[in-house]
Amino acid sequence: MTPVQTSKMSNFRWVICALLFLATTINYMDRQVLSLTWKDFIAPDFHWTDSHYGTITGMFSLFYAIANLFAGKFIDWMGTKKGYLIAIFVWSVGACLHAACGWTALGLAGGSITALTTISVWLFLACRLILAVGEAGNFPAAIKATAEYFPKKDRAFSTSIFNSGASVGALAAPATIPLLARAWGWEMAFIIIGALGFIWMGLWSWLYDKPRHNKFVNQTELNYIEQDNDIAEVQDREQVKEEKVIPFFECFKYKQTWSFLVGKFMTDGVWWFFLFWAPAYFSDQYGYTSDSTMGILLIFTLYAIVTIVSIGGGYLPTYFVEKQGMNPYLGRMRAMFIFACFPLLGLLAQPLGAYSAWWPAILIGLLGAGHQAWSANLFSTIGDMFPKSTIGTIVGLGTMAGGIGSMSINFGSGKFFDWAAELSIEKVGVENAFTFFGFDGKPAAYMVVFCICAVAYLIGWFIMKALVPKYKPIEV
């Protein structure tokens, strides 16, 4: 349907942005249910250690990485509307299926504790596989929708808004999931949160269509959306040729592709580490379980800081572009350097945690805010450099790289924490204990991982800048 021209802009693009925000919120709540229930609810039932949990989260990241190799191409092939619907259906089914793991494991174990542990891990891995395959479609579809509905100068801001759904989902999760698990069991927590995705599918089916065909988008808004394109000057929009798609393997010949892959590989694992391990960290180090009032407040405060601080991160490159006359890429890179410095605060989390658990919550929150602002701008560099027809593919490749980085840090951390705990002073004495920066055992291991997280962004930024020192869009 052709939009009706009017002098007042309809601003429906922000409704689409709100839907992307809601989908991302649900995405992260589904992902967060396990991290908020495993330590205090699931582990006692199945006798899990940190290594078991690290294996599950690490393999989830690997599944997610592999799925992203194809997710972007799938979204480009299916289109934004159908592709997004299929993705959220698959991950919602996977989220709900987690509830059956407990009942199934108990039935198959036959009273053996060892068998119960092993079977439960494998069942959860199967459900995480389904969840990962579906969730892999979220960001390629959301970034593609953003590129369809927003001009380049607004993409970082709109991306930061929908990307803040990650922190809002992580914010809502600790306030709801542990209480659901305590009231009705951890199985119902998976089912209730997983069912939210099916509600979103109805809204998306009703409201989404391409801007040119969306009855809620008028001509004035369409002109604003397409201000970067020659398409906006073409009278007969239905006859505009489709952009040429860059073949999959040809994408790897461009430095712009490798710049994005490096940015994702170096930094996504940091966010996922804190997403998956923060509840266990406060439970292990300070004794605040995820369903305790203090445990809920700590995690809630952490993600409240992430949510509030990170939203403004999308505006910073707009300021550099409009006030200082930079091109979008250089403005984004300057903003990303600033955000890459935020994670350095993570170096203080463990030392100051000796005085109060509030210090790690606040500092990790600021670190996470830096990540979300960084991530919003990193995603937007794709729209600056690549044709719209290839955006889904590039996002999928980058998210795959981020998943591999996340697998490494989560799988490695689980093994590392168990190993360090076995070498604590209480178990092996001073001479044989694992120590680092004045900490020993598991706290020392946390300090090591925090140090890695703190410097990852600056290393990633310098590599990206070396690969693509200035604005250079790809022409095909």
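Residues numbered from 1 in each chain as written. Predicted model: local features only at pLDDT ≥ 70, side-chain atom pairs only at ≥ 80, totals over all residues. Heavy atoms only, no water.

**A closer look at the overall build of the chain**
- Scanning the chain from N- to C-terminus turns up 18 helices and 2 strands.
- Here the chain has a C-alpha radius of gyration of 23 Å; the compact-globule value for 476 residues is 23 Å, and the two agree.
- For the chain, the spread of C-alpha atoms along the principal axes amounts to about 75 × 45 × 40 Å.
- The buried share of the chain, reckoned over its 476 residues, is 57%.
- Look at the contacts in the chain between residues 6 or more apart in sequence, and 82% of them connect residues 24 or more apart.
- A total of about 18,500 Å² of accessible surface is found on the chain, and carbon and sulfur atoms cover 67% of it. (Helix = DSSP H or I, 4+ residues; strand = E, 2+ residues; numbered from the N terminus. Rg over C-alpha atoms; globule rule 2.2 N^0.38 Å. Buried < 20%, exposed > 50% of the residue type's maximum accessible area, 1.4 Å probe, protein only. Contact = heavy atoms within 4.5 Å. Areas by Shrake-Rupley, 256 points an atom, 1.4 Å probe, with all protein chains shown as cover.)

**Thoughts on the side chain of N214**
- Relative to the elements of secondary structure, N214 occurs in the loop between α8 (186-207) and α9 (219-225).
- Engagement of the side chain of N214 in a polar contact is seen with the backbone oxygen of L207, the distance being 3.2 Å. (Polar contact = N/O pair within 3.5 Å; in protein donor to acceptor, adjacent residues only side chain to side chain.)

**So, the packing of aromatic side chains**
- For the structure shown, the criterion picks out 52 aromatic pairs.
- Measuring from centroid to centroid gives 6.0 Å for F46 and W48, while their planes differ by 35 degrees, and the two rings are tilted. Across this residue pair, the class does not change: F46 and W48 are buried.
- One aromatic cluster is present, formed by W38, Y53, F273, F274, W277, Y281, F282, Y286, F417, Y446 and F450 through successive ring pairs.
- Stacked on the ring of F60, the Lys or Arg R128 has its end atom at 4.8 Å from the ring centre. (Phe/Tyr/Trp six-rings, centres within 6.5 Å; stacked < 30°, edge-to-face > 60°. Lys NZ or Arg CZ within 6 Å of the ring centre and 35° of its normal.)

**Structural notes on the packing of helix α2 (residues 50-78) against helix α5 (residues 113-135)**
- Running from N to C, α2 and α5 cross one another at 30 degrees; their axes reach a closest spacing of 8 Å. Judged on the interaxial angle alone, α5 and α2 are roughly parallel. Pair α2 / α5 crosses with right-handed handedness. For the pair formed by α2 and α5, the contact residues are H52, T55, I56, M59, F60, F63, Y64 and A67 on the first element and T117, V121, F124, L125, R128, L129, L131, A132, V133 and E135 on the second.
- Residues belonging to the contact of α2 with α5 are distributed by class as follows: 13 nonpolar, 3 polar and 2 charged. (Axes fitted to C-alpha atoms, helices over the stretch in contact; angles between N-to-C directions. Parallel < 35°, antiparallel > 145°, perpendicular 65-115°, else oblique. Left-handed = near helix turned anticlockwise from the far one by under 90°. Nonpolar A, V, L, I, M, F, W, Y, C, P; charged D, E, K, R; others polar.)

**A closer look at the environment of E148**
- Within the element layout of this structure, E148 appears in helix α6 (residues 138-149).
- Along the sequence, E148 and I225 sit 77 residues apart, while their C-alpha atoms lie 7.8 Å from each other.
- Aside from chain neighbours lying at most four places away, what touches E148 is T80, Y208, K210, P211 and I225.
- Looking at E148, its side chain comes within polar contact range of the side chain of T80, at 2.9 Å.
- Within the structure, E148 has its side chain in polar contact with the side chain of K210 (distance 2.9 Å).

**Examining the side chain of E187**
- Within the element layout of this structure, E187 appears in helix α8.
- As a buried residue without a salt bridge, E187 has its nearest oppositely charged side chain in R182, at a separation of 14 Å.
- In this structure, E187 is in contact with A99 and W103, ignoring residues within four places of it in sequence. (Lys, Arg positive; Asp, Glu negative; His and termini not counted. Salt bridge = Lys/Arg side-chain N within 4 Å of Asp/Glu carboxyl O.)

**Things to note about the pattern of salt bridges**
- For the coordinates displayed, the defined rule picks out 10 salt bridges.
- D50 is paired through a salt bridge with K39; the nearest N and O atoms lie 3.4 Å apart. With D50 in helix α2 and K39 in helix α1 (residues 13-46), this residue pair connects regions lying 11 residues apart in the sequence.
- Taking the relative accessible area as the measure of exposure, D50 reaches 4% and is therefore buried.
- The partner of K39 in a salt bridge is D284, with the nearest N and O atoms 3.1 Å apart.

**Focus: the environment of D291**
- Considering the arrangement of structural elements, one finds D291 in the loop between α10 (255-286) and α11 (293-311).
- Expressed as a C-alpha distance, the spacing of D291 and L36, which sit 255 residues apart in the sequence, is 8.4 Å.
- Apart from residues no more than four positions distant in its own chain, D291 is found in contact with F41, P178, R182 and I296.
- Only 2.9 Å separates the side chain of D291 from the side chain of T289, close enough to count as a polar contact.

**Side note on unusual backbone geometry**
- Phi is positive for N11, close to 60 degrees, though the residue is something other than glycine.
- Locating N11 in the fold gives a position in the segment before α1.
- At F437, a residue that is not glycine, the phi angle is positive and equals roughly 50 degrees.
- Judged by its relative accessible area of 63%, F437 is exposed.

**A closer look at the packing of α10 against helix α16 (residues 388-422)**
- The contact between α10 and α16 brings their axes to 6 Å, and the two run at 40 degrees. The orientation of α10 with respect to α16, classified from their angle, is oblique. Regarding α10 and α16, the two cross each other, and that crossing is right-handed.
- Its residues assigned to classes, the contact of α10 with α16 shows 14 nonpolar, 10 polar and 2 charged.

**Focus: the nonpolar core**
- In terms of nonpolar packing, the biggest core is built from 141 residues, with W48, F124 and F273 touching the most fellow members.
- Of all the elements, α1 adds the most residues to this core, at 16 residues.
- The residues touching W48, leaving out its near neighbours within four places in the chain, are L34, W38, I42, A43, I56, T117, S120, V121 and F124. (Core = buried A, V, L, I, M, F, W, Y, C linked by side-chain atoms within 4.5 Å.)

**Brief notes about a nonpolar patch on the surface**
- Together, L344, L347, L348, V455, I459 and I463 line one region of the surface with nonpolar side chains, adding up to about 430 Å² of accessible area.
- Mapped onto the fold, V455 is located in helix α18 (residues 442-467). (Patch = residues over 30% accessible without salt bridge, like charges linked within 9 Å, V, L, I, M, F, W, Y side chains within 5 Å.)

**Considerations on the confidence of the model for the chain**
- On average, the chain scores 86 in pLDDT, and the residues at 70 or more come to 94%.
- Taking the mean pLDDT of every element in the chain, the minimum, 72, falls on helix α12 (residues 315-324) and the maximum, 95, on α18.
- Across residues 1-5, where pLDDT falls below 50, the model places 15 contacts with residues more than four positions away in sequence or in other chains.
- In this model, residues 230-241 is a region of pLDDT below 50 whose contacts with residues beyond four sequence positions or in other chains number 13 contacts. (pLDDT = per-residue confidence, 0-100.)

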